[in-house]
Amino acid sequence: MVGAIHSPGRRTVDRKYIQYMKYTSIQWSHSTINPVMGCLGCELFPTPEQLFRFLERAFGQLGQKIDSRKLFKKLIAAYYAKIRNPGPGHLNEITTTNIWHLREVFAEQIAREHGKEAGRVAFETIKERMKCYAATLHLNRAANIVSPDRGLNSGYAPTFEQFTVFKRRVEVASKWSDLVGTTDSNRPWLNLLPRLIFLSDMGDALCSKKLFPFLEGEMSHITSEQGRRHLWLWLTKRPQNMKAFADRIGGFPDNVVAMTTVTSRKTLHRVDKLRQVKAACRGLSIEPLWENSPRGAESRRHRLCNRWWRIR
C-alpha cells in the first residue's frame, strides 16, 4: 500500500548495497546512505493526479477529451489479474509506478481509439514528466506489474511510492573510516575534509512523519562517537517535515547539514522553510535547475546567503 511504512523483514544488514554506497560517484560527497528507500513524490516524480492533468492538457491541445484515469484503472486491473502470486510491489491501484510501466500499452490503445498523434502525445507526456534519478532506478529494478516475474533488487523499496526502512544502514555507515587529512585526486575539492555522507539520495527519508520514530533511532548512530567523525548531508524536498523532526529531537547536531532542493522559482518557498530548521549548517541543492536562479531583490527576499552550502 502506498503511504504505509514497509520493511524488507531482513534480520541481517544488506552489506553488499552498503559497501557500494561507501564509494559514490557523486561529486560533492564521499559516500551515500539511505535508511529509507522511496518517496511520496515531488516535481520530479509527479502523482497520478498531476499526470492526469498533464495528459488532459495535452489531449486538449489536440481538441480531444480522453478519460485517462478510467483507462488506466482498467489496464491496471487487467494486468494485476494476470499475476499468479502478487508480491508487495504489485498493486491493484493507480500509482505513478503503474502508470509508467503501462505507458506503452496506454499509448497504443489511445492511438487505436483516437489516432496516432494522440498516442504519441500520450507516451511523450508521461515520459517527459519522469525526471527523478532515484525513481528511475526503482522503476528499472523494483516491481513491475507488466513483468511481474522479473528479478527484484532486495536493496530497493517494492516500488518508489512504498517507502521502505532499512535498519542498520546508518549504523554501518557511522563506522566507516575517518577521512580527515586524506586526499582525492579525482575530487580535489574534498581533500582533507571529514567523510561527507549524502543521506537520502535514493528517496526522501522525511517524506512522511510516520517515519519519525524510526529516524529518531537512527540519529543515535549519527550522534555516536564514531558517527560524529563524519559530516552528514541530509537532503529533503520537504523542509517543513525536517523542521518538525528537528524540533522533535531538540535540533540537529553540528555534524548534520540540513538541506533542501530548489529546481525553479515555484520551489523557492523551500528556502524559507529550511531557514526554520534548527541546524548549525544548512545547504541548497540547486539541481536540476529549470530556470535562472533568483538575483537581486528576489534573492534577498529568500535570503540566499553566502553562508549556506550551494550544490549545482
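Small disclaimer: the values here were computed from a predicted structure and weren't measured.

(A) Layout of the packing of helix α5 (residues 103-114) against helix α6 (residues 116-129). The geometry of α5 relative to α6 is characterised by a closest axis approach of 6 Å and an angle of 155° between their N-to-C directions. When the interaxial angle is binned, α5 and α6 end up roughly antiparallel. Seen from above, α5 lies across α6 with right-handed handedness. When α5 is examined against α6, the residues Arg103, Glu104, Phe106, Ala107, Ile110, Ala111 and His114 are found in contact with a partner set consisting of Lys116, Ala118, Gly119, Ala122, Phe123 and Ile126. When the residues that make up the contact of α5 with α6 are grouped by side-chain class, the tally is eight nonpolar, two polar and three charged.

(B) View of the pairing of strand β5 (residues 231-236). Most of β5 sits inside the fold, with six of its six residues counted as buried. Across four bridges, the pairing between strand β4 (residues 196-199) and β5 is parallel. Within the sheet, the bridge partner assigned to Ile197 lies in β5 and is Trp232. Relative to strand β6 (residues 256-261), β5 runs parallel, the two sharing five bridges. Bridge assignment links Trp232 to a residue of β6, and that residue is Val256. Handedness of the crossover is the feature at issue here: the chain leaves β5, passes through helix α10 (residues 239-248), returns alongside β6, and the resulting connection is right-handed.

(C) Structural detail: the environment of Trp100. Mapping Trp100 onto the fold places it in helix α4 (residues 96-101). Taking relative accessible area as the criterion, Trp100 reaches 15% and is therefore assigned buried. Taking C-alpha positions, Trp100 is 9.4 Å from Phe123, a pair spaced 23 residues apart along the chain. Those residues in contact with Trp100, other than ones at most four positions away along the chain, are Ile126, Lys127, Met130 and Leu139.

(D) Structural view of empty space enclosed by the protein. Counted according to the given criterion, the structure contains two cavities of 30 Å³ or more. Here the second largest cavity defines a volume of roughly 30 Å³. Lining the second largest cavity are Pro35, Val170, Leu199, Leu215, Glu218, Met219, Ile222 and Trp234. In terms of residues, the lining of the second largest cavity owes the most to one element, helix α9 (residues 212-222), which gives four residues.

(E) Geometry of the packing of aromatic side chains. According to the stated counting rule, one finds eight aromatic pairs in the structure shown. For the pair Phe72 and Phe106, a centre-to-centre distance of 4.2 Å together with 20° between the ring planes defines the contact as stacked. Taken together, the residues Phe72 in helix α3 (residues 68-81) and Phe106 in helix α5 connect sequence positions 34 residues apart. Here Trp234 and Phe252 contribute two aromatic rings whose centre-to-centre distance is 5.6 Å and whose plane-to-plane angle is 50°, an arrangement assigned as tilted. Separated by 18 residues along the polypeptide, Trp234 in strand β5 and Phe252 in the loop between α10 and β6 bring together distant segments of the chain. According to the relative accessible area criterion, Trp234 is buried, its value standing at 2%. Accessibility expressed as a relative area gives 8% for Phe252, which makes it buried.

(F) Broad picture of α3. Across its 14 residues, α3 extends 20 Å between first and last C-alpha, which sits within 8% of the 20 Å expected from 1.5 Å per residue. Of the surrounding elements, those touching the buried residues of α3 are α2 (48-61), α4, α5 and α6. The N-cap of α3, judged by a side-chain oxygen 3.4 Å from the amide nitrogen of Arg69 a few residues on, is Asp67.

Rules of the game
The residue numbering used here restarts from 1 in each chain and proceeds along that chain's sequence as written. For this predicted model, a pLDDT threshold of at least 70 governs which residues receive local features, and a threshold of 80 or more governs which side-chain atom pairs are given and counted, while totals over whole chains, interfaces and linings are taken from all residues. Only heavy atoms go into the side-chain values, all of them from the structure, while hydrogens and water stay out. The angle between two axes is taken between their N-to-C directions and runs from 0 to 180 degrees, where each axis is a line fitted to C-alpha atoms and a helix contributes only its stretch in contact. In this description a helix means any DSSP run of H or I spanning at least four residues, a strand means any run of E spanning at least two, and both kinds are numbered starting from the N terminus. When an angle is under 35 degrees it counts as roughly parallel; over 145 it counts as roughly antiparallel; between 65 and 115 it counts as roughly perpendicular; any other value is oblique. Note: crossing handedness is left-handed where the near helix turns anticlockwise from the far helix by less than a right angle, and right-handed where it turns clockwise. Any two residues whose heavy atoms approach within 4.5 Å are treated as being in contact. Gly falls in the polar group here, along with every residue not listed as nonpolar (Ala, Val, Leu, Ile, Met, Phe, Trp, Tyr, Cys, Pro) or charged (Asp, Glu, Lys, Arg). Here's how the labels work: a residue is buried when its accessible area is under 20% of the maximum for its type, exposed when over 50%, partly exposed in between, all with a 1.4 Å probe on protein chains only. Two strands are said to pair when DSSP picks up at least two bridges between them. Here the term right-handed applies to a crossover when the path leading from its first strand over the helix to its second strand runs clockwise, the strands being oriented away from the viewer. Note on definitions: the grid is 1 Å and covers protein atoms alone; a cavity is a set of points where a 1.4 Å probe fits but cannot get out; a pocket is an open set with protein on both sides within 12 Å along at least five of seven lines; lining residues have an atom within 4 Å of a point. Grid points are joined across faces, edges and corners, and a volume is the space filled by probe spheres set on the points. Here a pair means two rings of Phe, Tyr or Trp (six-membered ring of Trp) with centres within 6.5 Å. Their orientation is stacked below 30 degrees between planes, edge-to-face above 60, and tilted elsewhere. A helix is expected to span 1.5 Å for every residue after the first. We define a polar contact as two N or O atoms separated by no more than 3.5 Å, with the added condition that, inside protein, one atom must be a possible hydrogen donor and the other a possible acceptor, whereas residues neighbouring each other in sequence contribute only through side-chain atom pairs.

All quantities given are derived from atomic positions and should not be read as evidence of function.
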